[in-house]
Amino acid sequence: KFNAAALLRGSMKDQAEFFSRGLSVNNQQPWLHVEEVRDWMDLPLRQSLLLGAYLAHRDDWVGREELLALFWPEVDESTARHNLSQLVYHCRRQPWFAELEAERTRLRWRVASDLQLFRAAIGAGAWSDALDLYRGPLLEGVASGGAPTFEDWLESERESLHVAWREATLQV
């Protein structure tokens, strides 16, 4: 049975081999339609969106080791490092990721966000502003792409932000 989460955790080479087999390379019977491959080809885009969300949320340098554990906890270190390297390469090719800063051991993407404004309003006791800024659960409807550690982090952050929002409602 096809396991999308396992494909996401695999290396870019694994993903390429999957699509090659699915499209009937080497005279095999195809078991994927071109449209299905197009849907799956955006896997690096999905991962780049998750990486961007995490880096924007942190708004500071994040160690590569932390990102390896967050996105590829069940993959050997060499494969995880390769995946992160490929993901950073893919991100840098996206125009909206132009401000991504990458060093040998860490990454940072400092962008303005409603989350930063929400946190600042909460910190300043500007309760009405905080209520205006709160848009609901963080990354609501966004799939984690089979990264259980990311999913755990996201759930924890959603709860933390909800608690802050609830505090703001009680203060108004």
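Predicted, not measured: the structure shown is a model, and the values here were computed from it.

Another point: the side chain of Arg-64. Here Arg-64 shows up in helix α5 (residues 64-71). The charged side chain of Arg-64 is buried without a salt bridge, its nearest counter-charge being Glu-103 at 8.4 Å. In terms of polar contacts, Arg-64 uses its side chain to reach the backbone carbonyl oxygen of Arg-104, at 3.1 Å. Ignoring anything within four residues of it in the chain, the contact list for Arg-64 reads Leu-84, Val-88, Ala-102, Glu-103, Arg-104, Thr-105, Arg-106 and Leu-107.

Before going further, it helps to spend a moment on the sheet that holds strand β2 (residues 101-102). The three strands lie next to each other as β1-β3-β2, forming an open sheet whose pairing is antiparallel. Taken across any chain shown, the strands that pair with only one partner, and hence form the sheet edges, are β1 (62-63) and β2. Inspection of the sheet shows β2 paired to strand β3 (residues 106-108) by two bridges, in the antiparallel sense. When the bridges of β3 are listed, Ala-102 appears paired with Leu-107.

One can find Arg-135 in the loop between α8 (127-133) and α9 (148-171). Owing to a relative accessible area of 59%, Arg-135 belongs among the exposed residues under this scheme. Each C-alpha atom, one on Arg-135 and one on Trp-165, is 9.9 Å from the other, the two residues being 30 residues apart in sequence. Reaching out from Arg-135, the side chain makes a polar contact with the backbone oxygen of Asp-132 at a distance of 2.7 Å.

All right, on to the nonpolar core then. Grouped together as the largest cluster of nonpolar side chains are 35 residues, with contacts concentrated most on Leu-67, Phe-71, Trp-72 and Phe-150. Elements that contribute at least two residues to this core include exactly α4 (43-58), α5, α6 (77-92), α7 (114-124), α8 and α9. It is α9 that provides the largest number of residues to this core, a total of six residues. Beyond its immediate stretch of four places on either side in the chain, Leu-67 contacts Leu-51, Tyr-54, Val-62, Trp-72, Leu-84 and Leu-107.

Attention now moves to the confidence of the model for the protein. Across the protein, the average pLDDT comes to 80, with 73% of residues at 70 or higher. Considering only residues more than four positions removed or in separate chains, one finds that residues 1-8, a stretch of pLDDT under 50, has 16 contacts. Residue range residues 19-26 is modelled with pLDDT below 50. Its contacts to residues more than four positions away, or to other chains, number 17 contacts.

In a pair of packed helices, the angle between the axes and the distance between the axes together describe the arrangement. Contact geometry for α5 and α9: axes closest at 5 Å, N-to-C directions at 100 degrees. For the element pair α5 / α9, the angle class is roughly perpendicular. The residues of α9 that touch α5, namely those facing Ala-69, Leu-70 and Phe-71, are Thr-149, Phe-150 and Trp-153. Looking at the contact of α5 with α9 residue by residue, the class counts come to five nonpolar, one polar and no charged.

Despite not being glycine, Asp-59 shows a phi value in the positive range, around 55 degrees. Position of Asp-59 among the secondary structure elements: in the loop between α4 and β1. Of note, the phi angle at Leu-139 is positive, near 55 degrees, even though the residue is not glycine.

What counts, and where the lines are drawn
- Every chain is numbered on its own, with residues counted from 1 as its sequence reads.
- Since the coordinates come from a predicted model, pLDDT governs what is reported: local features require at least 70, and pairs of side-chain atoms require 80 or more to be given and counted, while whole-chain, interface and lining totals use all residues.
- With hydrogens and water set aside, each side-chain value is computed from the structure's full complement of heavy atoms.
- Every helix listed is a DSSP run of H or I at least four residues long, and every strand listed is a run of E at least two residues long, numbered separately from the N terminus.
- A simple rule labels every residue: compare its accessible area, found with a 1.4 Å probe on the protein chains alone, to the largest value its type can have, and call it buried under 20%, exposed over 50%, or partly exposed in between.
- Residues scored as positive are Lys and Arg, those scored as negative are Asp and Glu, and His as well as the terminal groups of each chain are ignored.
- Salt bridges, as used here, are contacts in which a Lys or Arg side-chain nitrogen is within 4 Å of a carboxyl oxygen on Asp or Glu.
- Residues adjacent in sequence count toward polar contacts only when both atoms are side-chain atoms; beyond that, a polar contact is any pair of N or O atoms within 3.5 Å, and within protein one must be able to donate a hydrogen and the other to accept it.
- Contact definition: two residues touch when any of their heavy atoms are within 4.5 Å.
- Should DSSP find at least two bridges between two strands, the strands are taken to pair.
- Residues grouped as a nonpolar core are buried Ala, Val, Leu, Ile, Met, Phe, Trp, Tyr and Cys residues, joined through side-chain atoms within 4.5 Å.
- The predictor rates its confidence in each residue with pLDDT, a number between 0 and 100.
- To get an axis, a line is fitted to the C-alpha atoms, and for a helix only the part in contact is used. The angle between two axes follows their N-to-C directions and goes from 0 to 180 degrees.
- For this classification, under 35 degrees means roughly parallel, over 145 means roughly antiparallel, 65 to 115 means roughly perpendicular, and everything else is oblique.
- The nonpolar class holds Ala, Val, Leu, Ile, Met, Phe, Trp, Tyr, Cys and Pro. Asp, Glu, Lys and Arg form the charged class, and all remaining residues, Gly among them, are polar.

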